[in-house]
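# Residue-level structure breakdown
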Amino acid sequence: VPSHDSIKLHGPVILKYPNGLMRQEGYFINDLQDSVYRLWNESGVLETEGYFKDNKEFGIWKTFHLDGSPKMVEEIIDSTRFVQSFWIDDSLHTQTLINGSGKVVEMYNNGLLKHFL
């Protein structure tokens, strides 16, 4: 019987919520995460989508608001994140950063400033 230490991930790894909806999707080659990665919330809305190569994040990563609309697009180059686009969590999902120009602004539900870049 092989030990847990000898088990290596290879191929797709899919996790689901108890309700049957997708939770995470990832792919591995010889125990290293490689290819697309996706994360969903319990309602089935995609929260995060990005890519791995040899267990490292790279390329375009996208995050989404609870309603599925875009929140942020980042490009990862040599482990450095470059925010390309950002949409605030207002009723219109106003875009405040376009093609790397603008601001990243996040507010608490009470209207106070949470984060500003």
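Further up the page is the structure itself.
All of these numbers come straight from a predicted model, not from anything done at the bench.

## Quick look at the overall build of the protein
- Within the protein, the regular secondary structure consists of 0 helices and 12 strands.
- Taken from N to C terminus, the helices and strands of the protein fall in the order β-β-β-β-β-β-β-β-β-β-β-β.
- When the 117 residues of the protein are sorted by exposure, 26% land in the buried category.
- Entry remark: accessible area of the protein is about 8200 Å², with carbon and sulfur atoms responsible for 54%.

## Points about the pairing of strand 7 (residues 70–77)
- Examined bridge by bridge, strand 6 (residues 56–64) and strand 7 share 6 bridges and lie antiparallel to one another. Across the sheet, the residue bridging to W61 is E74, located in strand 7.
- Hairpin connection, strand 6 to strand 7: the antiparallel pair is bridged by 5 residues, and G68 has positive phi, about 90 degrees.
- Pairing geometry for strand 7 and strand 8 (residues 80–87), over 6 bridges, is antiparallel. Pairing of M72 across the sheet is with F86, part of strand 8.
- Between strand 7 and strand 8, which pair antiparallel in sequence order, lie 2 residues; one of them, D78, sits at a positive phi of approximately 50 degrees.

## Points about the pairing of strand 1 (residues 11–16)
- By the bridge criterion, 6 bridges tie strand 1 to strand 2 (residues 22–29) in an arrangement that is antiparallel. Of the residues in strand 2, the one forming a bridge with G11 is F28.
- Here strand 1 folds back onto strand 2 in antiparallel fashion, the turn holding 5 residues, of which G20 has a positive phi close to 95 degrees.

What counts, and where the lines are drawn
- Residues numbered from 1 in each chain as written.
- Predicted model: local features only at pLDDT ≥ 70, side-chain atom pairs only at ≥ 80, totals over all residues.
- Heavy atoms only, no water.
- Helix = DSSP H or I, 4+ residues; strand = E, 2+ residues; numbered from the N terminus.
- Buried < 20%, exposed > 50% of the residue type's maximum accessible area, 1.4 Å probe, protein only.
- Areas by Shrake-Rupley, 256 points an atom, 1.4 Å probe, with all protein chains shown as cover.
- Pairing = 2+ DSSP bridges.

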